[in-house]
Amino acid sequence: MKVLVTGGLGFIGSHTVVELLEKDYDVIVIDNLYNSELAVKDKIKQITGKEVKVYTDDLLDKQAVDKIFVENDIDEVIHFAGYKAVGESVRKPLMYYHNNLMSTINLLEVMKEHNVKKFVFSSSATIYGDPGNPKYVETMGRGKTTSPYGTTKCMIEQILEDLYVSDNEWSISLLRYFNPIGAHESGLIGEKPNGIPNNLMPYILKVASGELEILNIFGNDYNTPDGTCIRDYIHVVDLAKGHVCALDKLENSASGVYVYNLGSGKGYSVLEIVNTFERVNGVKVNHQIAPRRAGDLAEFFADPTKALNELKWKTEKTLEDMCRDSWNFMKKEIE
Ligand code: NAD
Ligand code: UD1
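Since this is a predicted model, take the numbers as computed values, not measurements.

Attention shifts here to the overall build of the protein. In terms of helices and strands, the protein carries 11 helices and 15 strands. Relative to the 2.2 N^0.38 estimate, which gives 20 Å for 335 residues, the radius of gyration of the protein is 19 Å and therefore close to what a compact globule would have. The buried share of the protein, reckoned over its 335 residues, is 53%. Put simply, of all contacts in the protein between residues at least 6 apart along the chain, 79% involve residues at least 24 apart. For the protein, the exposed area adds up to about 14600 Å²; of that, 49% sits on carbon and sulfur atoms. Of the charged side chains in the protein, 37 are positive and 48 negative; the average position of the first set lies 2 Å away from that of the second.

Following this line, the structure appears as structure tokens:
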């Protein structure tokens, strides 16, 4: 099968390309390098021994997208490309709506013209809003989001559902990720945030490496065992494997819209992450307790039962693996 992976040089995309190549898929990537580097293509080759065809076009350029479908006999698409910084989306909503929505609509229109109707979408646990129960299950549906970024994910889910209603030949998988961290065990690919990171693990890495002075832990007065927030962290390689399972499901099932949580089902607190990181890597992460961050929920984690039953997928890596692999990638970057 020939798969087009949008955003395939980014954090989750690159790990998924590796897993697809290892399962002998033919992979084509479109990535405009907004948040990635062409060097990732060579890293993927170093890991898998296989070559990926990369187009550095922008999904906003519909003609360029069409050309990719003309030149390649694409069977299915995994759509990672988009902007993802929550805080930035609050400051620049139009930029987020423009890129995330227009690129998706262009892509879907071109797919339809070429009669390619299998689509896997990167959604997020953020679409649940605050459902009042920390264990998120797919039947809860979409809630009120707290950022334009989150709203783009809700809107795209809705667009995809409407598309299926209009034409039930489409097979669509909405994958709702929890908190992806970690890196490939080779240390060759991982997450490389520009500037000061917002997310926890990238911040820990920059403190551990000495690039930033101290980690602020946003609140220790939540109603959790140690007072810090609890999240469901998922190793990016487990997450990438979930995409291969989702494609396999689309190839072997009736058309429809399938929705899955991709998480471990287990929550860890911020302090547990910091302590585990220090223990497995033997490095210090300077930290202090700071005020709560606006918009944070005390606790949420996935109910991953549906993915287990229908995709035969579950996470395999431990928190220790996530901390070790994240640091291994960072060490290679700063060497
Ligand atoms: P990333 O920024 O590392 O990867 C996205 C890639 O898309 C980048 O390489 C970027 O250059 C490319 N891109 C962006 N706009 C483009 C455009 N118009 N045309 C072509 N390429 C474009 O992000 P990631 O962490 O790998 O996330 C992948 C997807 O998963 C995103 O849609 C994100 O919203 C979603 N997601 C991520 C997380 C997370 O914590 N990382 C959580 C939930 C959902
Ligand atoms: C955030 C986004 C979510 C997005 C996800 C993955 C918000 C409100 N939510 O989730 O929409 O899908 O990232 O990209 O932004 N923390 C600290 N200090 C830090 C950074 C984080 O204590 O410097 C804490 C946070 O309070 C939180 C936990 O670490 O409890 C995880 O934070 P983060 O990595 O930003 O992910 P989320 O907030 O869960």
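So that's the structure; there's more coming.
A few words on the packing of helix α3 (residues 62-71) against helix α5 (residues 93-113). Axis separation between α3 and α5 bottoms out at 10 Å; the angle between their running directions is 40 degrees. In the crossing of α3 with α5, the sense of the turn from one axis to the other is right-handed. When α3 is examined against α5, the residues Lys62, Val65, Asp66 and Phe69 are found in contact with a partner set consisting of Asn106, Leu107, Glu109, Val110, Met111 and Glu113. Across the contact of α3 with α5, the residue classes tally to five nonpolar, one polar and four charged.

Take the environment of Thr228 next. Topologically, Thr228 is positioned in the loop between β9 (215-218) and β10 (230-231). With residues near it in sequence (within four places) discarded, Thr228 still touches Ile217, Gly219, Asn220, Ser269, Val270 and Leu271. Of the polar contacts made by the side chain of Thr228, one reaches the side chain of Asp226; its length is 2.7 Å. Reaching out from Thr228, the side chain makes a polar contact with the backbone nitrogen of Leu271 at a distance of 3.4 Å.

A few words on the site of ligand 2. Within the structure, ligand 2 sits among 18 residues, and Leu200, Asn216, Arg231, Arg293 and Asp296 are positioned closest to it. A distance of 2.9 Å separates an oxygen atom of ligand 2 from a polar side-chain atom of Asn179. Relative to its unbound accessible area of 740 Å², ligand 2 is 89% covered by the protein chains. Listing elements by their share of the shell around ligand 2, those giving two or more residues are α7 (200-208) and β9. Ranked by residues supplied to the shell around ligand 2, first place goes to β9 with four residues.

What follows covers the sheet that holds strand β5 (residues 118-124). The parallel open sheet is built from seven strands, whose spatial order is β3-β2-β1-β4-β5-β7-β12. One side of each edge strand has no neighbouring strand; the edge strands of this open sheet are β3 (53-55) and β12 (256-262). Each neighbouring strand pair of the sheet contributes to a mean axis angle of 20 degrees, computed without reference to strand direction. With three bridges joining them, strand β4 (residues 76-79) and β5 adopt parallel strand pairing. Within β5, the position partnered with Val77 by the bridge is Phe119. Lying over the sheet, α3 contacts β1 (2-6), β2 (26-30), β3 and β4, oriented at roughly 165 degrees with respect to β2. Each of β1, β4 and β5 touches α5; the most contacted strand, β4, lies at about 175 degrees to it.

Right, let's talk about the layout of surface pockets for a bit. Estimates place the volume of the second largest pocket at around 220 Å³. As for the second largest pocket, its lining consists of 13 residues, and the residues nearest its centre are Lys23, Lys241, Cys245, Lys312 and Trp313. Ranked by the residues each element gives to the lining of the second largest pocket, the list is headed by helix α8 (residues 236-251), at five residues. Of the residues that constitute the lining of the second largest pocket, the class distribution is five nonpolar, no polar and eight charged.

Bringing empty space enclosed by the protein into the picture now. What the rule picks out here adds up to one cavity of 30 Å³ or more. The space that makes up the largest cavity amounts to roughly 50 Å³. In this structure, the largest cavity is lined by Ile181, Gly182, Glu191, Met201, Pro202, Leu205, Ser326 and Phe329. Going through the elements one at a time, α7 and α11 (319-334) are the ones with two or more residues in the lining of the largest cavity. At three residues, the largest contribution of residues to the lining of the largest cavity is made by α7.

Attention shifts here to the pairing of β5. Extensive coverage of β5 is indicated by the burial of six of its seven residues. Summarising the sheet, β5 and strand β7 (residues 171-177) pair through seven bridges and their orientation is parallel. Bridging from a neighbouring strand, Lys118 pairs with Ser171 of β7.

Here α3 has its buried residues at Ala64, Val65, Ile68 and Phe69. Along α3, the residues classed as buried sweep out an arc of 145 degrees about the axis, all on the same side. Among the exposed residues of α3, those oriented more than 90 degrees off its buried face are Gln63 and Val70.

Rules used throughout
- Residues numbered from 1 in each chain as written.
- Chains lettered and ligands numbered in written order.
- Predicted model: local features only at pLDDT ≥ 70, side-chain atom pairs only at ≥ 80, totals over all residues.
- Heavy atoms only, no water.
- Helix = DSSP H or I, 4+ residues; strand = E, 2+ residues; numbered from the N terminus.
- Rg over C-alpha atoms; globule rule 2.2 N^0.38 Å.
- Buried < 20%, exposed > 50% of the residue type's maximum accessible area, 1.4 Å probe, protein only.
- Contact = heavy atoms within 4.5 Å.
- Areas by Shrake-Rupley, 256 points an atom, 1.4 Å probe, with all protein chains shown as cover.
- Lys, Arg positive; Asp, Glu negative; His and termini not counted.
- Charge placed at Lys NZ, Arg CZ, Asp CG, Glu CD.
- Axes fitted to C-alpha atoms, helices over the stretch in contact; angles between N-to-C directions.
- Left-handed = near helix turned anticlockwise from the far one by under 90°.
- Nonpolar A, V, L, I, M, F, W, Y, C, P; charged D, E, K, R; others polar.
- Polar contact = N/O pair within 3.5 Å; in protein donor to acceptor, adjacent residues only side chain to side chain.
- Near = heavy atom within 4 Å.
- Pairing = 2+ DSSP bridges.
- 1 Å grid on protein atoms, 1.4 Å probe; cavity = no way out; pocket = protein on both sides within 12 Å on 5 of 7 lines; lining within 4 Å.
- Points joined across faces, edges and corners; volume = space filled by probe spheres on them.
- Arc of directions from axis to C-beta.

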